[in-house]
Number of protein chains: 2
Amino acid sequence: MEWPDRARFVSGFRRRGAYVLSGAPRAGEPVIDRSAFEIAPWAIVERSLRLDRLATSESVFALSNGHIGLRGNLDEGEPHREPGSYLNGFFEALPLPYAEPGYGYPEEGQTLLNVTNGKLVRLLVDDEPFDVRYGTLERHKRVLDLRDGVLRRDVMWTSPAGQAVRVRSTRLVSFVQRAIAAVCYEVEAIGAPARIVVQSSVVANEPTIVHGEDDPRSAAALRGALVCEYHTARDSEVAMGHRARVSGLRMAAALDHVIDGPEGTVSSAESETDLARVTVSTELAPGRTLRVVKLLAYGWSAERSMPALRDQVDAALSAARRTGWDGLLAAQRAYLDTVWEHADVEIDGDPELQQAMRFAIFQIVQAAARAENRAIPAKGLTGRGYDGHTFWDMDTYTLPVLTYTTPDAARDALRWRHSTLPLARARAAQLHLRGACFPWRTIRGEECSGYWPAGTAAFHVNADIADAVRRYVSATGDTAFERDVGVEMLVETARLWASLGHHDAEGGFRIDGVTGPDEYTALCDNNTFTNLMAARNLRSAASAAERHPERAAALGVDGEEIAKWREAAGAIVVPFDTELGVTAQCDGFTRFRRWRFEDTPPDAYPLLLHFPYYLLYSSQVVKQADLVLALFLCGEEMTLEQKRRDFEHYEAITVRDSTLSASIQGVVAAEVGHLELAYEYFRETALVDLRDIAGNTADGLHLAALSGAWLVAVAGFGGMRDQGDVLAFAPRLVAPMTRLAFHLLMRGRCIRVDITPHDARYELRSGDPIELEHHGERFTLEHDASRLMPCPVREQVPTVAPPAGREPFRRGAGADAHRRVGRG
Amino acid sequence: MEWPDRARFVSGFRRRGAYVLSGAPRAGEPVIDRSAFEIAPWAIVERSLRLDRLATSESVFALSNGHIGLRGNLDEGEPHREPGSYLNGFFEALPLPYAEPGYGYPEEGQTLLNVTNGKLVRLLVDDEPFDVRYGTLERHKRVLDLRDGVLRRDVMWTSPAGQAVRVRSTRLVSFVQRAIAAVCYEVEAIGAPARIVVQSSVVANEPTIVHGEDDPRSAAALRGALVCEYHTARDSEVAMGHRARVSGLRMAAALDHVIDGPEGTVSSAESETDLARVTVSTELAPGRTLRVVKLLAYGWSAERSMPALRDQVDAALSAARRTGWDGLLAAQRAYLDTVWEHADVEIDGDPELQQAMRFAIFQIVQAAARAENRAIPAKGLTGRGYDGHTFWDMDTYTLPVLTYTTPDAARDALRWRHSTLPLARARAAQLHLRGACFPWRTIRGEECSGYWPAGTAAFHVNADIADAVRRYVSATGDTAFERDVGVEMLVETARLWASLGHHDAEGGFRIDGVTGPDEYTALCDNNTFTNLMAARNLRSAASAAERHPERAAALGVDGEEIAKWREAAGAIVVPFDTELGVTAQCDGFTRFRRWRFEDTPPDAYPLLLHFPYYLLYSSQVVKQADLVLALFLCGEEMTLEQKRRDFEHYEAITVRDSTLSASIQGVVAAEVGHLELAYEYFRETALVDLRDIAGNTADGLHLAALSGAWLVAVAGFGGMRDQGDVLAFAPRLVAPMTRLAFHLLMRGRCIRVDITPHDARYELRSGDPIELEHHGERFTLEHDASRLMPCPVREQVPTVAPPAGREPFRRGAGADAHRRVGRG
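Residues numbered from 1 in each chain as written. Chains lettered and ligands numbered in written order. Predicted model: local features only at pLDDT ≥ 70, side-chain atom pairs only at ≥ 80, totals over all residues.

Residues and elements named next belong to chain B. For strand β31 (residues 770-774) and strand β32 (residues 777-781), the ladder comprises 5 bridges, and the chain directions are antiparallel. Of the residues in β32, the one forming a bridge with E773 is R778. Between β31 and β32, which pair antiparallel one after the other, the connecting turn spans 2 residues, and H775 there sits at a positive phi close to 45°. (Pairing = 2+ DSSP bridges. Helix = DSSP H or I, 4+ residues; strand = E, 2+ residues; numbered from the N terminus.)

All names here are of chain A. Along the chain, T780 falls in strand β33 (residues 777-781). Given 12 C-beta atoms within 10 Å, T780 falls into the exposed group. Ignoring any residue separated from it by four or fewer positions in sequence, one finds T780 in contact with P769 and E771. (Buried ≥ 20, exposed ≤ 12 C-beta atoms within 10 Å, placed from the backbone. Contact = placed C-beta atoms within 7 Å.)

With 53 residues of chain B in contact, the opposing surface of chain A contributes 53 residues. Residue contributions to the side of chain B that touches chain A peak at 4 residues, all from helix α13 (residues 613-617) of chain B. Here the residues of the side of chain B that touches chain A sort into 28 nonpolar, 12 polar and 13 charged. (Nonpolar A, V, L, I, M, F, W, Y, C, P; charged D, E, K, R; others polar.)

Let us look at the nonpolar core. A253, A297 and V313 of chain A together with A297 and V313 of chain B are the most contacted members of the largest nonpolar core, which has 513 residues in total. Not counting residues up to four positions away in its chain, the partners in contact with V313 of chain B are A179, A239, A252, A253, A254, A297, Y298 and G299 of chain B. (Core = buried A, V, L, I, M, F, W, Y, C linked by C-beta atoms within 7 Å.)

Now for the relation of the copies chain B and chain A. Turning chain B through 180° and shifting it by 0.1 Å along the axis lays it on chain A, with an RMSD of 0.0 Å. These values place the two chain copies in the arrangement generated by a two-fold rotation axis. Looking at the rotation axis and the C-alpha trace of chain B, the residue lying nearest is Y98 of chain B, at 2.4 Å. (Least-squares fit on C-alpha atoms with pLDDT ≥ 70 in both.)

With that out of the way, let us pick up the sheet that holds strand β17 (residues 266-272) of chain B. Residues and elements named next belong to chain B. If you trace the 5 strands from one edge of the open sheet to the other, you get β8-β7-β13-β18-β17, paired in antiparallel fashion. Bordering the open sheet on either side are β8 (128-129) and β17, each of which pairs with just one other strand. For strand β7 (residues 121-125) and β8, the ladder comprises 2 bridges, and the chain directions are antiparallel. Across the sheet, L124 pairs through a bridge with P129, a residue of β8.

Here we come to the domain arrangement of chain A. All names here are of chain A. When the domains of chain A are assigned, the result is domain 1 (43-340) and domain 2 (344-818). One C-alpha centre belongs to domain 1, the other to domain 2; they are set 35 Å apart. Counting residues at the interface gives 35 residues for domain 1, matched by 39 residues for domain 2. Looking at the side of domain 1 that touches domain 2, the elements that each hand over two or more residues are α1 (54-60), β3 (63-64), β7 (108-112) and α3 (306-343). Split by residue class, the side of domain 1 that touches domain 2 holds 15 nonpolar, 16 polar and 4 charged. (Domains from an automatic or database assignment.)

On to unusual backbone geometry, then. Cis geometry is adopted by the peptide bond preceding P79 of chain A, which originates at E78 of chain A and carries an omega value of 0°. Its place among the elements puts P79 of chain A in the loop between β4 (68-70) and β5 (85-87). Residues A735 of chain B and P736 of chain B are joined by a peptide bond in cis, for which omega reads 5°. If you trace the backbone, P736 of chain B turns up in the loop between β27 (727-729) and β28 (739-746). With a phi angle near 50°, R747 of chain A is a residue other than glycine that sits in the positive phi range. By the element assignment, R747 of chain A lies in the loop between β29 (739-746) and β30 (749-755). With 14 C-beta atoms packed within 10 Å, R747 of chain A lands in the partly exposed category.

On to helix α17 (residues 675-686) of chain B. All names here are of chain B. Spanning 12 residues, α17 covers 16 Å between terminal C-alpha atoms, matching the ideal 16 Å at 1.5 Å per step. If you check which residues of α17 are buried, you get L675, L677, A678, Y679, E680, Y681, F682, R683, E684, T685 and A686. Along its buried surface, α17 packs onto α4 (351-368), α16 (661-672) and α18 (703-717). (Expected span 1.5 Å × (residues − 1).)

Turning to the environment of Y86 of chain B, a few remarks are in order. Relative to the elements of secondary structure, Y86 of chain B occurs in strand β4 (residues 85-87). Between the C-alpha atom of Y86 of chain B and that of E795 of chain B, which follows or precedes it by 709 residues, the distance is 49 Å.

Moving on, we come to the environment of I770 of chain B. Residue and element names in this part refer to chain B. Among the structural elements, I770 can be located in strand β31. Owing to 19 C-beta atoms within 10 Å, I770 belongs among the partly exposed residues under this scheme. Sequence separation between I770 and I751 is 19 residues; the distance between their C-alpha atoms is 9.3 Å. In contact with I770, other than residues within four places in its own chain, are M746, R749, L764 and L781.

What follows concerns the packing of helix α16 (residues 661-672) of chain A against helix α18 (residues 703-717) of chain A. Think of two packed helices as two axes; the pair is described by the angle between the axes and how far apart they sit. Residue and element names in this part refer to chain A. Following both chains from N to C, one finds α16 and α18 inclined at 5°, their axes separated by 8 Å at the closest point. On the basis of the axis angle, α16 is roughly parallel to α18. Contact with α16, carried on its side by A662, S663, I664, G666, V667 and A670, involves A705, G708, A709, L711, V712, A715, G716 and F717 of α18 and no other residues of that element. Of the residues assigned to the contact of α16 with α18, the class counts are 10 nonpolar, 4 polar and no charged. (Axes fitted to C-alpha atoms, helices over the stretch in contact; angles between N-to-C directions. Parallel < 35°, antiparallel > 145°, perpendicular 65-115°, else oblique.)

Moving on: the sheet that holds strand β9 (residues 136-145) of chain B. Residues and elements named next belong to chain B. Strand order in the open sheet formed by 9 strands is β1-β9-β10-β11-β12-β19-β16-β15-β14, and the pairing between neighbours is antiparallel. Edge positions in the sheet fall to β1 (43-46) and β14 (226-234), since each has one partner strand and no second. Across the sheet, the mean angle separating the axes of adjacent strands is 15° when strand polarity is ignored. In terms of strand pairing, strand β16 (residues 250-260) meets strand β19 (residues 289-301) through 11 bridges, oriented antiparallel. Paired with V258 across the two strands is V293, which belongs to β19. Packing of helix α3 (residues 306-343) onto the sheet brings it into contact with β10 (150-158), β11 (164-173), β12 (180-190), β14, β15 (237-244), β16 and β19, and relative to β19 it is tilted by some 135°.

Residue and element names in this part refer to chain A. UniProt tags W392, D393, K623 and Q624 as "binding site: substrate" (unreviewed entry). Discounting chain neighbours no more than four positions away, the residues touching K623 are D518, E519, Y520, V655, D657 and S658. The topology assignment puts Q624 in the loop between β27 (619-620) and α14 (627-633). (UniProt positions renumbered as here; feature names shortened; annotations may be inferred.)

Our next topic: the pairing of β16 of chain B. Residues and elements named next belong to chain B. Across the 11 residues of β16, 8 count as buried, placing the element largely inside the fold. Looking at chain direction, β15 and β16 are connected through 6 bridges and run antiparallel. Considered in β16, the bridge of R243 is made with R250. Connecting β15 to the next strand, β16, in antiparallel fashion are 5 residues, including G248 with a positive phi near 80°.

Following this line, the structure appears as structure tokens:
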């Protein structure tokens with residue numbers, strides 16, 4: 001293997017969908033400030049506007065309820081990097097091209113569409129459009145309030161002609177009224193009277209960034225993807241309906257306004273194809289304010305007619321009008337109060353991490369709260385990265401958080417998976433497999449992966465989904481769900497594994513030619529993670545079928561099939577290198593070429609942009625936790641000593657070119673005693689977006705990495721495991737953290753765990769007494785009687801480190817020093 | 001693994017470039033006859049015109065000298081399936097699309113262009129165009145004469161109006177004057193006087209079939225690919241020059257005519273964009289003939305200007321005019337007489353096989369004779385299948401034939417490979433490898449493979465090229481070539497292997513993550529064929545470098561590097577299944593899932609059109625000889641017993657979905673004693689095109705399979721091996737063959753081997769005495785003293801067979817029963 005000159009990386013290959021930085025301010029643009037977000041316990045505060053970081057802030061300040069997503073674009077629309085208004089599941093279809101087609105390759109892709117933008121509020125001050133790039137931005141503040149669930153903006157601006165105004169806005173996407181978003185927009189004249197015009201618009205087919213912009217066909221296909229089917233304007237109300245040109249999905253948006261201004265304030269409404277707006281015109285004396293509350297309703301459907309959709313959004317708008325702005329605000333707060341009561345994680349000793357932790361939980365809730373039988377995309381509804389697709393990390397990273405904090409959202413996401421079972425069955429049949437084969441990436445359920453070695457071959461997604469079902473049922477005791485939904489999913493995925501694997505001459509159950517989570521190794525035999533997860537899938541299906549014999553019988557499951565599942569699970573092959581004493585990630589892995597990390601320059605990461613797949617695939621270099629993820633999720637039968645050996649081996653070759661890695665490395669590092677390292681990974685995963693560590697927060701938030709922050713807190717430092725008959729903890733803390741507390745919902749109970757460096761206090765906030773385990777010791781937690789348990793003295797272990805040049809994100813390091821791209 | 005209903009295969013996925021049968025006659029078209037080609041020792045004779053097999057006959061009757069290729073289209077152009085006029089290396093560039101791009105993926109493809117068609121001769125009889133689809137075709141005969149090197153046609157036709165004519169034409173593509181083709185066209189009026197018009201044309205941008213026709217962009221790119229730069233017409237001469245729109249290559253064609261008709265015959269010439277023609281008009285009394293000899297010159301260049309090209313073709317035409325039609329004919333015959341003297345293979349006992357064998361040799365000569373530092377495409381210049389690309393089979397299948405029969409052509413082809421070394425070095429650097437990495441498929445030298453697991457990862461192409469160099473040098477003793485060309489190619493490919501592989505903990509030299517010849521297994525570790533060929537490559541480089549120390553030093557080779565090559569070669573890993581006692585095709589192969597051949601319906605072949613890659617890759621199913629090819633090419637260190645065990649294991653799982661397989665299975669079957677099977681494979685590979693066994697001869701001939709026929713004859717039944725210090729033979733014959741004789745050129749000698757069931761006679765036709773080996777016994781062959789050596793009595797071995805449903809092509813079986821698609 002030859003090692004490249006640094007120079008070669010300057011013009012690195014650009015991956016489809018990868019974000020290319022273009023944020024450097026253009027000549028003439030004011031760079032207003034360069035400080036980062038301010039640290040606060042319950043808010044993300046921006047006190048200066050950096051145009052070169054606008055794209056990042058658009059993602060960080062995105063609001064969503066899982067159904068509607070609005071990027072944190074400025075009210076007036078521009079400047080922007082990507083205007084974003086999304087409806088969960090509303091996509092356009094695109095052809096997937098291949099230089100050499102193959103059997104079973106998906107022919108059509110799906111990409112999340114930027115729908116009609118209803119959050120626009122444009123402002124004319126005297127004769128000047130309010131635009132932060134012109135005139136003087138005297139003061140700027142934006143606050144994402146994690147308890148109120150709103151984005152607030154407070155700006156003081158002097159126009160190029162010298163007229164000063166103060167603009168305040170508050171934006172929300174309602175958790176309670178799923179179809180509703182709203183903006184309260186206030187303009188105040190400062191110093192002198194001002195002629196003010198506010199235009200509240202909804203526009204379609206805004207120019208947007210095309211992911212995969214190197215493919216001119218995709219760009220062409222998305223240009224004008226929305227076809228206008230109606231538009232109306234009357235009094236303070238406007239509305240528009242559109243159809244996606246190829247996918248045929250239909251959507252509608254309707255606006256209404258409550259206007260509060262001085263006498264002489266007038267308004268008018270107008271609409272045409274792709275544009276509808278209400279214009280408010282007034283003159284403000286100094287110190288006087290014009291207030292426009294904009295209510296915005298969205299709806300979409302693949303089935304319903306446009307008249308039906310139009311009725312639907314008008315009705316939602318009518319309900320919102322009745323609730324009113326203050327009512328929406330109050331309901332939003334009340335909803336979040338309940339969320340935080342069950343989901344908050346408290347961290348003492350690192351305020352930045354505390355903020356990041358709550359930001360993470362807030363974003364998970366935003367992504368999932370009202371998704372209601374739709375997918376949770378990898379970026380939530382905060383950007384169009386990865387085309388808005390959902391991957392396995394929903395099931396493996398995000399659903400655990402939801403399962404133990406907002407279980408109804410976990411159930412809804414699994415119901416979405418279940419709703420795609422007919423497609424998954426058809427896919428399995430196409431691949432000549434039994435049961436169901438869920439897609440590697442999708443919006444609606446069809447496989448959309450255009451590179452099968454890291455798509456279709458990553459069959460583990462099926463076991464990940466099955467494990468999410470098992471986990472949800474185990475944590476909630478929701479037997480109705482298990483009977484109606486769970487059994488079928490477990491059975492169909494178990495059938496997939498039974499047909500994918502086979503018993504070899506020695507009786508071992510092998511699964512050959514698959515790809516595990518580590519995408520720097522592909523099409524390998526007996527991937528340990530896949531095999532162990534498949535074995536669990538088979539066992540879970542067997543148990544569930546036995547618990548629900550009628551349902552199982554209806555699915556054609558008989559005793560013989562169950563016995564075969566158990567037999568395969570019991571005989572599963574786990575490759576082990578007896579010479580090194582470590583578990584192999586897959587057959588032969590520990591014999592592969594060692595990667596020359598010491599010769600790999602920093603700008604050669606992520607490696608997949610600079611090295612061919614074959615070189616990565618045949619080397620001992622790991623993109624993201626794979627064997628280490630198996631240590632976490634399937635570690636119940638391994639000794640701590642083995643886990644430590646394995647972790648130390650793989651830690652040294654894992655480059656974390658995916659943001660899915662740090663959290664899992666952190667969880668296992670904590671378990672095997674590398675607490676300082678675990679803490680660093682905790683920060684790396686939690687701060688992924690607030691510090692733009694991957695360098696592509698602009699494309700949308702990293703929901704799995706944010707979920708991973710919760711995993712490091714609860715499963716790493718809390719040591720929580722839910723794979724045996726009782727919920728187990730093994731708390732351990734490391735400086736600078738002085739306290740870590742979290743809540744878990746478990747079969748109707750709310751449990752609080754409060755950890756200090758020396759002990760842990762368990763408290764039953766609600767529900768019946770429950771048996772728990774603390775560092776292997778079982779005890780029963782009674783109501784109104786908290787238990788203080790001592791934490792064992794920490795065992796000393798030798799230091800381990802990731803590969804040279806791939807150290808974790810460090811306290812105080814600038815984001816620029818840690819740009820990486822990629823996910824799992 | 002689930003097994004499909006037969007019904008599912010009806011609407012099978014269509015592979016890019018795969019030929020889809022559309023030959024069934026349309027309503028209203030006369031199906032003139034249904035008999036096959038007539039068997040003759042030195043000719044391919046067609047006595048009836050089958051419109052539904054027109055495409056096949058266009059390939060079978062193609063003429064070429066390796067520089068110009070003319071498909072066997074009817075003189076009058078239509079009906080046709082694909083009009084084809086090709087110039088070796090003249091291509092258009094096309095973008096290669098990817099749903100998910102990756103580092104190092106080639107972005108531009110190359111596709112052979114149908115250039116301006118200069119072989120057209122249209123005929124008007126009274127007022128009716130001569131078209132076999134109308135009127136009555138009273139008699140039809142076409143003969144491809146393998147000794148004269150011409151295609152003759154003799155047709156009797158009655159027009160719809162009742163006028164009968166006899167049309168005779170003879171077409172040649174000159175072996176002696178490389179830029180020249182010619183047609184002698186004669187029309188005779190029968191029964192009544194006839195007004196006759198002959199239009200001899202050259203036309204550009206004919207509608208043609210686009211390979212990968214499911215990609216509308218390719219079709220669009222090739223429509224109007226030729227841009228006219230000049231056209232002229234004067235007296236009996238016309239000419240046109242064109243440029244390929246994207247690749248920028250330039251070509252020119254010029255025609256001149258010698259017209260011999262009754263008094264009153266007149267002619268005129270005209271030209272316009274994309275059309276130039278000479279029109280000859282006369283009236284023929286019954287029994288009188290009009291004769292038009294058309295001389296056609298082609299030239300192309302990437303460098304030279306259009307005026308220079310124009311001069312070049314005009315000059316070539318001038319030389320051809322001087323030679324004249326009779327002179328061209330005589331020179332053609334003389335050229336082929338010399339070829340047959342060194343290259344003929346005689347077979348008694350199976351006239352069909354004799355014919356097919358000579359057809360094969362003739363086509364190899366046609367493809368290579370005057371290619372002169374250009375590639376030999378997989379289909380020669382007989383069709384646009386595989387986009388006109390050259391693959392590894394040139395080096396491994398075709399060059400052995402040329403090396404021992406027309407070594408200058410082998411040398412020229414290797415010089416072409418050598419001329420692409422700068423591109424191969426750049427490709428290796430792009431892949432972070434040392435040395436040179438030759439393309440998997442290409443026209444000019446750039447990698448054009450759009451699916452890297454079966455393209456870039458098939459690194460064995462480099463060892464195949466190196467072995468062709470070694471073989472050529474060994475067979476010819478051409479030390480000048482070795483010094484000037486060979487050393488550099490061997491050194492650069494050896495460097496590739498040294499950087500691709502690595503020594504593992506136990507010291508073995510592993511090559512992981514590559515794809516061998518069997519494309520139903522990919523990205524595997526330690527492919528036995530690849531490893532053994534790489535080891536030979538390393539050793540060949542070491543020896544060549546030692547023989548040419550100055551040249552090696554100039555390439556930076558030192559003793560240490562040579563030592564490393566030998567060390568790696570000596571430590572090469574060969575996976576062996578000790579339990580089964582068979583060599584594994586790659587690590588883990590013998591543990592893969594067994595394929596359920598008994599449940600695979602006949603229409604599920606070729607499997608790659610009906611099963612996903614992952615299922616093929618993880619199963620014990622072999623597309624084409626891989627481990628068996630290693631037994632042939634690298635068998636010198638294996639015992640016969642081991643080869644037999646290995647052959648029997650792999651024969652039972654090899655489906656021959658590639659036409660590259662039968663010949664190699666045949667060679668090894670003969671070696672290990674399965675002579676009847678070897679004979680069946682001999683026929684299968686030799687008859688591949690005359691019987692259209694693969695079902696896609698329409699796209700062009702299968703040059704590697706035809707070359708394989710020679711391999712079965714010489715290396716299979718002749719048992720020839722040239723890997724030790726003397727040329728070794730182990731002749732064995734099987735009924736119905738009663739005699740097999742062939743010639744070999746070896747270091748300036750011509751050796752004839754004449755085999756009967758009981759003995760073999762060796763004869764030195766020219767050159768110095770030489771030591772040979774016959775079934776392990778060494779002897780010296782003297783001039784004028786042939787040696788008769790007895791063949792050992794045949795050892796009885798148990799019968800083996802390929803998988804159920806994949807029996808070899810049998811005597812007398814119709815082609816329809818044996819349709820397959822695919823190559824290697």
